[in-house]
Every structure is written in C-alpha cells, then in structure tokens.
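This is what each chain is made of:
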Amino acid sequence: MQKRILWATQMVLFISLTTSIFSGCSSKNEVQEYNKPAVYWYNKMIKQISNGQIDEADDTYTSLESEHRNSPLLPSAIMIIANAHMNDEAYQMANFYFDEYLKKFALKQDADYIRFLKIKSNFLAFKNEFREQELLTKTLIETDKFIKLYPHSQYIHVVKTIRSRLFMGKAIFDKEISDLYSRIDKPAAQTIYATKAKQSWEDLESIEPVDTPWYRAIFE
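None of the values given here were measured: they were computed from a predicted structure.

Draft legend 1. View of helix H7 (residues 133-149). Across its 17 residues, H7 extends 24 Å between first and last C-alpha, which sits within 8% of the 24 Å expected from 1.5 Å per residue. By the burial criterion, the buried members of H7 are Gln133, Leu135, Leu136, Thr139, Leu140, Thr143 and Phe146. Taken down its axis, H7 places every buried residue within 150 degrees of arc, on the same side. Along H7, the residues that are exposed and aim more than 90 degrees away from the buried face are Glu134, Lys148 and Leu149. Summarising the contacts, the buried residues of H7 are in contact with helix H6 (111-124) and helix H8 (156-183).

Draft legend 2. Molecular detail of the environment of Lys44. Note that Lys44 resides in helix H2 (residues 38-50). Overall, Lys44 belongs to the partly exposed group, its relative accessible area being 23%. Put simply, Lys44 and Thr60 are 16 residues apart on the chain and 7.2 Å apart in space, counted from C-alpha to C-alpha. Beyond its immediate stretch of four places on either side in the chain, Lys44 contacts Glu33 and Thr60.

Draft legend 3. Local environment of the pattern of salt bridges. Tallying each qualifying case throughout the model produces 7 salt bridges. Between Lys44 and Glu33 there is a salt bridge, and its shortest N-O distance comes to 2.6 Å. In this pair, Lys44 sits in helix H2 while Glu33 sits in the loop between helix H1 (2-31) and H2, placing the two residues 11 residues apart along the sequence. The partner of Glu65 in a salt bridge is Arg69, and the shortest N-O contact between them spans 3.0 Å. What makes Glu65 buried here is its relative accessible area of 14%. Note on Arg69: relative accessible area 56%, which makes it exposed. Overlapping salt bridges, with partners in common, bring together Glu65, Arg69, Glu100, Lys103 and Lys104 in one network.

Draft legend 4. Here's a closer look at the environment of Phe146. As for its position among the elements, Phe146 is in helix H7. Spatially, the C-alpha atoms of Phe146 and Asp112 are 7.5 Å apart, while their sequence positions differ by 34 residues. In this structure Phe146 touches Asp112, Arg115, Phe116, Ile119, Pro151, Ser153, Tyr155, Ile156 and Val159, once residues within four positions along its chain are discounted.

Parameters and conventions
- Residues numbered from 1 in each chain as written.
- Predicted model: local features only at pLDDT ≥ 70, side-chain atom pairs only at ≥ 80, totals over all residues.
- Heavy atoms only, no water.
- Helix = DSSP H or I, 4+ residues; strand = E, 2+ residues; numbered from the N terminus.
- Expected span 1.5 Å × (residues − 1).
- Buried < 20%, exposed > 50% of the residue type's maximum accessible area, 1.4 Å probe, protein only.
- Arc of directions from axis to C-beta.
- Contact = heavy atoms within 4.5 Å.
- Salt bridge = Lys/Arg side-chain N within 4 Å of Asp/Glu carboxyl O.

Have a look at this one:
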C-alpha cells in the first residue's frame, strides 16, 4: 500500500514538473519572440486589441517600433494603440501615444487632429470636477492654444464646445466653494469665489444637470 502511495506521489510530482517545464519553455519562447517583419507585429497588435489585450498590444507596438523604426506602418500603428487606450479609458496612456505621434509623425496638415484628440482625451478623463482642478486648468490652456493655432480647423467648434463645458465645470466648482464659505460665515472668501464663478460662467442658473456626466455629454 505504501509503495502504491509513493508511486502515485512520484507520478504527480513528475507530471507537475513536466508541465512546469513545458509551460516555462512556452512562456520563454513567447518572451523571446523577435526579428519579425513589421506586418507581423502590426497584425499581432491589432489582433490583441480586438481581443481586449491592450497591455500586450503595448508590448507588441514596442517590438514593432524598436525593430522597424522607419516602417510606414508605424504612424497607423501608434494611432490605433492610442485610440485603443482612449476607448479603454486609459487616457494617460492615450496622451502618451498622441505625444509620440506629434514628435515623430505629425505633418502640418494633421497636427490639429492629433491635438484635438489630446484635448478630447483630457476632457473624457474627468471623473469629478471638484477634484481634478489641475487637469481642468491644463485642458483649458490647451483649448486656448488650439483656438489660436487652428482657427479654421474642422474641429474648432468641438474644441470651443469643450472649452465652454470646462468653464461650466470651473464655475460649478467655484460656486460650491462660495456656498461653503457662506455657510461657515466667511463673507470675504464667499465673495471672492462667487466672483470667480461669475467670471467662468455669467449665468450660473443656465447650467442644467444632464443624465450623463457633464464631461461626457458632448460625445453622446
């Protein structure tokens, strides 16, 4: 009986060890995959994105970019991975790729489109206007730059609408602070923030709540 138990234990250990070896070899081969044609990496990245494997697609894009720096597939690839991150609500990563595109590939005629996508990505990144004031201010600056640089862009009206939405958010934020100071009997501070709110949006009563978050309503 003891011999049978010992034999069974040895077999389990043998099977586990064999499985680990083959799994390790498989993972090792996958990690060591290199020196592939550009179209191989490109198609693999698209397949991974289609399967929702965004992190893996990042690695595949890195392989494409490092092995084929002059490939004509790179501009398309970087836009695909950037938009995949934006759709996945990973806005920081999306903006990283948009910045990379602007550095490496942006032509004069499409720079406004990439900058518009960055503004849109920042705009959609808002979760709470009362907590993300730095991002709000930064995005307002970007919209002002866009309006000055590309007054005739086909995206100008959307950017202006985003800018208005941001000012609404800023006005709501300042009004909340003003109301808070009013409740704790700080009239000087209350007046300062009430004035700021008016500077951002003159008619505060016209800001109506929406069913979808204020920062997303424009795109829905």
